[in-house]
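# Topology and contacts: notes
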Amino acid sequence: MKKITFLGIETSCDETAAAVIQSLNGKPKILSNVVLSQIKQHARYGGVVPELAARTHIENIDKIISKALQKSKLDLKDIDGVAATTGPGLVVCLNVGSSIGKSLAGFLKKPFIAVNHLEGHALSPALIHQKISYPYLLLLISGGHSQFLMVKSFDQYVQLGTTIDDAVGEAFDKTAKLLDLGYPGGAKLEKFAVGGDEEAFILPFPLFRKAGSNLSFAGLKTAVMRIAENLKLKKHKKDLAASFQKIVEKILEEKTKVAMEQFRAEMGFNENFPFIIAGGVAANKKIRARLKQLAEGKKFTPIFPPLELCGDNAAMIAWVGIQKFKRKKFDSLNTKIRSRWALDASAPFLKGPGLKL
Ligand code: KG4
Ligand code: ZN
């Protein structure tokens, strides 16, 4: 039996995480998956404070790694390699996990693997589902990213569309802040919106029927801000939360249709392809239901990571590590961290002034 065991480390933003994952003849086994969220530390600032996040990672990372090892019932000597997130993310935070990962790999004389956080999300459903066949369509929706990618094979990503301003999770967080729901807002807004009138407010659909599968959420945020300023009653806030969530569902549904057409134009019209939806926002039940229904109608098989693997975690990082280890894609201990790191290196950067779509 071919067995590969990896330690994964994730500190790109505000979660300090470590996991031990095994691949047994290619099948994943999660031996431990420990995540320490820093929500409490950042809540009173209404967003992640990078220096505070880095300090909290430094204070906890050794304990989290020890806990992951302890839970896995394995010892450091049983590890075949160490994978750590080296981008994209907050530089001061990435430094913590990547430094300790390199030190451990160097000390153990085992390979170090530098992992792209987005690739972690992209491959995360494979930790639970059986083999996912290539090519597949990927929708990555998190606090920092919103993009459609055509995944042709391992490590071969073609970006079909991306956000030109805010990420969808960011839009959820900002709207939740306007409604005084606290931070991080996505899950809180989803809960608060239950029972609200989805049709109470008419909100804009930026880039409707233009710019392919590219997305935009900044105009939506401004519209919500204008309305929120004049709302006094909790009932109306609930209605606004529900209306916001509904328009996001609609935007994602419409843009996914476009991305599916783009995907089929290259990959073929008759086959049934997987459609993977990953990242923190993929935890949203209404968005899940809407995209699942759409996918099934368009002959795509919808695959979501389970809820506990939607948010940031190190299991997904270790799993990418194992995939790269199998292909002997090792990294040097001098590997630099990257605050920006697109999965499709050739994709145009679509943010900032002068953008033409
Ligand atoms: O993937 P993730 O944990 O971290 C990043 O890599 O960004 O995603 C976090 C984002 C946050 O913006 C959070 O508000 C959002 O995912 N989120 C949700 C839900 N749960 C988390 N957004 C909408 N509905 C949810 N249930
Ligand atoms: Zn993430």
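Our subject is the structure listed above.
If you're wondering where the values come from, they're calculated on a predicted model, not measured in any experiment.

### Some thoughts on helix 3 (residues 91-108)
- The terminal C-alpha atoms of helix 3 lie 25 Å apart, and with 18 residues this matches the ideal 26 Å at 1.5 Å per residue to within 8%.
- The complete set of buried residues in helix 3 reads Cys 93, Leu 94, Val 96, Gly 97, Ser 98, Gly 101, Lys 102, Leu 104, Ala 105 and Leu 108.
- Tucked inside the fold, the buried residues of helix 3 contact strand 1 (3-10), helix 2 (50-72), strand 4 (81-87) and strand 5 (112-116).

### What about the sheet that holds strand 9 (residues 273-278)?
- Pairing in this open sheet of five strands is mixed, and the strands run 8-7-6-9-10 from one edge to the other. Each having just a single partner strand, strand 8 (156-162) and strand 10 (300-303) make up the two edges of the open sheet. Adjacent strand axes in the sheet meet at a mean angle of 25 degrees when their direction is disregarded.
- Bridging between strand 6 (residues 136-141) and strand 7 (residues 146-153) involves six bridges; their strand directions are antiparallel.

### Thoughts on the sheet that holds strand 3 (residues 27-37)
- Strand order in the open sheet formed by five strands is 3-2-1-4-5, with mixed pairing between adjacent strands. In this open sheet, the two strands that pair with only one neighbour each are strand 3 and strand 5. Each neighbouring strand pair of the sheet contributes to a mean axis angle of 20 degrees, computed without reference to strand direction.
- Bridge count between strand 1 and strand 2 (residues 15-24): eight bridges; the pairing is antiparallel. Paired with Lys 3 across the bridge in strand 2 is Leu 24.
- Running at roughly 25 degrees to strand 2, helix 2 makes contact with strand 1, strand 2 and strand 3 of the sheet.

Thresholds, definitions, all that
- Residues numbered from 1 in each chain as written.
- Chains lettered and ligands numbered in written order.
- Predicted model: local features only at pLDDT ≥ 70, side-chain atom pairs only at ≥ 80, totals over all residues.
- Heavy atoms only, no water.
- Helix = DSSP H or I, 4+ residues; strand = E, 2+ residues; numbered from the N terminus.
- Expected span 1.5 Å × (residues − 1).
- Buried < 20%, exposed > 50% of the residue type's maximum accessible area, 1.4 Å probe, protein only.
- Contact = heavy atoms within 4.5 Å.
- Pairing = 2+ DSSP bridges.
- Axes fitted to C-alpha atoms, helices over the stretch in contact; angles between N-to-C directions.

Fair warning: the whole summary comes from geometry, so function is off the table for now.
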